[in-house]
Amino acid sequence: MIDRIKEYLEQVNAFESNDVQAIEDFRVSYAGKKGILNSLFASFREVPADEKKAFGQELNILKAAVADKVKELQSQQLSSNGGSARISDPTRTPFPIQTGNRHPLSVVKNRIIDIFTQIGFTISEGPEIEDDWHNFTALNLPEYHPARDMQDTFFIQTDPDILLRTHTSSVQVRYMEKNQPPIRTISPGRVFRNEAISSRAHCIFHQVEGLYIAKNVSFADLKQTLQYFTESLFGNSKIRLRPSYFPFTEPSAEVDIYWGLETETDYRITKGTGWLEIMGCGMVDPNVLENCGIDPNEYSGFAFGMGIERIAMLLYQISDIRLFFENDVRFLKQFKATL
Ligand code: DAH
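Here the structure is a predicted model, which is why all the values come from computation and not from measurement.

Trainee: Account for the pattern of salt bridges, naming residues and giving values.
Mentor: The final tally for this structure, using the stated rule, is 11 salt bridges. In this structure, Arg 174 engages Glu 130 in a salt bridge whose closest nitrogen and oxygen atoms are separated by 2.6 Å. On the criterion of sequence distance, the pair formed by Arg 174 in helix H7 (residues 169–178) and Glu 130 in strand S2 (residues 129–131) is long-range, its members being 44 residues apart. Accessibility expressed as a relative area gives 23% for Arg 174, which makes it partly exposed. Take Glu 130: its relative accessible area is 2%, and that puts it in the buried class. A salt bridge links Asp 256 to Arg 240; the shortest N-O distance between them is 2.9 Å. Pair noted here: Asp 256 is in strand S8 (residues 249–258) and Arg 240 is in strand S7 (residues 239–246), with a separation of 16 residues, a long-range link. Asp 256 gets classed as buried once you look at its relative accessible area, which sits at 2%.

Trainee: Now, about the packing of helix H5 (residues 104–117) against helix H8 (residues 219–234): what can you tell me, with residues and values included?
Mentor: It is the contact of H5 with H8, at a shortest axis distance of 10 Å, that shows an interaxial angle of 135°. In terms of their interaxial angle, H5 and H8 are classed as oblique. As for how H5 packs across H8, the hand of that crossing is right-handed. From H5, Arg 111, Ile 112, Ile 115 and Phe 116 reach across to H8, where they touch Thr 225, Tyr 228, Phe 229, Ser 232 and Leu 233. Here the contact of H5 with H8 is built from residues that sort into 6 nonpolar, 2 polar and 1 charged.

Trainee: Kindly report on the domain arrangement of the protein, identifying the contributing residues and their values.
Mentor: Per the domain assignment, the segments of the protein are domain 1 (2–80) and domain 2 (104–332). Centre-to-centre, using C-alpha coordinates, domain 1 lies 69 Å away from domain 2.

Trainee: Break down the site of the ligand for me, with residues and values.
Mentor: The environment of the ligand is made up of 16 residues, and the closest members are His 167, Ser 169, Arg 193, Gln 207 and Glu 209. Between a nitrogen atom of the ligand and a side-chain N or O atom of His 167, the distance comes to 3.0 Å. Interatomic distance of 3.4 Å between a backbone N/O atom of Phe 304 and an oxygen atom of the ligand. Starting from 350 Å² of accessible surface for the ligand in isolation, the protein chains cover 91%. Going through the elements one at a time, H7, strand S6 (204–214), strand S9 (275–284) and strand S10 (300–307) are the ones with two or more residues in the shell around the ligand. Residues that form the shell around the ligand fall into these classes: 5 nonpolar, 9 polar and 2 charged.

Trainee: I'd like to hear about the sheet that holds strand S4 (residues 159–164), residue by residue, with values.
Mentor: On the basis of which strands lie adjacent, the open sheet formed by 3 strands has the order S2-S4-S3 and antiparallel pairing. Each edge of the sheet is formed by a strand with only one pairing partner; in this case those strands are S2 and strand S3 (155–156). Relative to S4, S2 runs antiparallel, the two sharing 3 bridges. From the neighbouring strand, Ile 129 faces S4, where its bridge partner is Leu 164.

Trainee: Which residues make up the side chain of Arg 165, and what values go with them?
Mentor: Mapped onto the elements of the fold, Arg 165 is located in the loop between S4 and H7. Buried and unpaired, Arg 165 has no salt bridge, with Glu 128 as the nearest side chain of opposite charge at 4.5 Å. One polar contact links the side chain of Arg 165 to the main-chain carbonyl oxygen of Gly 126, over a distance of 3.1 Å.

Trainee: Give me the lowdown on the packing of aromatic side chains, citing residues and values where you can.
Mentor: As enumerated under the stated definition, the model contains 16 aromatic pairs in all. Judged by centre distance (6.4 Å) and plane angle (80°), the rings of Phe 234 and Trp 259 are edge-to-face. Note that Phe 234 is positioned in helix H8 and Trp 259 in the loop between S8 and helix H9 (264–269), a separation of 25 residues in sequence. For Phe 234, a relative accessible area of 17% translates into the label buried. By way of ring pairs, the aromatic residues Phe 116, Phe 121, Tyr 212, Phe 229, Phe 302 and Phe 304 are connected into one cluster. Residue placement shows Lys 52 over the ring face of Phe 44; its charged tip is 5.3 Å from the ring centre.

Rules used in this analysis
- Residues numbered from 1 in each chain as written.
- Predicted model: local features only at pLDDT ≥ 70, side-chain atom pairs only at ≥ 80, totals over all residues.
- Heavy atoms only, no water.
- Salt bridge = Lys/Arg side-chain N within 4 Å of Asp/Glu carboxyl O.
- Helix = DSSP H or I, 4+ residues; strand = E, 2+ residues; numbered from the N terminus.
- Buried < 20%, exposed > 50% of the residue type's maximum accessible area, 1.4 Å probe, protein only.
- Axes fitted to C-alpha atoms, helices over the stretch in contact; angles between N-to-C directions.
- Parallel < 35°, antiparallel > 145°, perpendicular 65-115°, else oblique.
- Left-handed = near helix turned anticlockwise from the far one by under 90°.
- Contact = heavy atoms within 4.5 Å.
- Nonpolar A, V, L, I, M, F, W, Y, C, P; charged D, E, K, R; others polar.
- Domains from an automatic or database assignment.
- Near = heavy atom within 4 Å.
- Polar contact = N/O pair within 3.5 Å; in protein donor to acceptor, adjacent residues only side chain to side chain.
- Areas by Shrake-Rupley, 256 points an atom, 1.4 Å probe, with all protein chains shown as cover.
- Pairing = 2+ DSSP bridges.
- Lys, Arg positive; Asp, Glu negative; His and termini not counted.
- Phe/Tyr/Trp six-rings, centres within 6.5 Å; stacked < 30°, edge-to-face > 60°.
- Lys NZ or Arg CZ within 6 Å of the ring centre and 35° of its normal.

This is the structure in structure tokens:
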């Protein structure tokens, strides 16, 4: 038996060819499914016990020799044909595979989520097709309230009660209706407004809403949370809160971060002030808590809301919001490194 293997080994070592088909036939005759190697391995059972070890060793030598020979002949064959011969592995891709990468809005959304989940916020979601109650009325915006005009709304034609949510604040209503304090949650999602599309406005964009409700929550807690957030995201902890108005918070504020005035672009994007507005926030109006089944005498809380596009535009210095929606790969692949 062992002699037979040795004979095969001699044949293998002596084999030479420069022909693709002949090399392939050689490979199949030895290493193919019904080839010599497999039939030798199958006969292993019949080998007497005291010869098994030597037989196995020789067989492995033969197997390695076949693999080496095939490799050697294939590469010889390829180089003698200037590399243009039929490729021996037909399953090999003829071009390098290009991997994709996340959309910049997903990158930024995930970073925001990471920052808040690290301090105990959960993630909540709600429907994009909303009813009037969750988008407006419960948020202290009763029918005919003039502040409804702050956000131009897409209504469903057949039912004036159903609309495309204009902000993710609707999710805080849904969350409070289902959960009692303490509440710490952020709600990322898509929102819709009936706007003329321009470099700064789009009908569809994304927001992240934040909500914190517990006992004795104060404005200082809000400011500290925002400070932590801006420092984590922008590496910049200098913020200011400007008094503002939102129907669902009282008092309300707009949050600016200090961007600086070093370059001409800084002047342009901050309109010469050095400050950039990044989100709205405030203490949840007691009416909103009550509308959602939470006792405002026992609990207080803060809320905030920001646009993901706006944050991404600032982080990556993108000047036109439409770039996020065109999905031009020349734009998208620039965010590969941010994966
Ligand atoms: N919903 C507001 C908007 O879309 C953003 C916002 C402002 C959310 C203040 C809040 C808040 O929760 O407290 O413009």
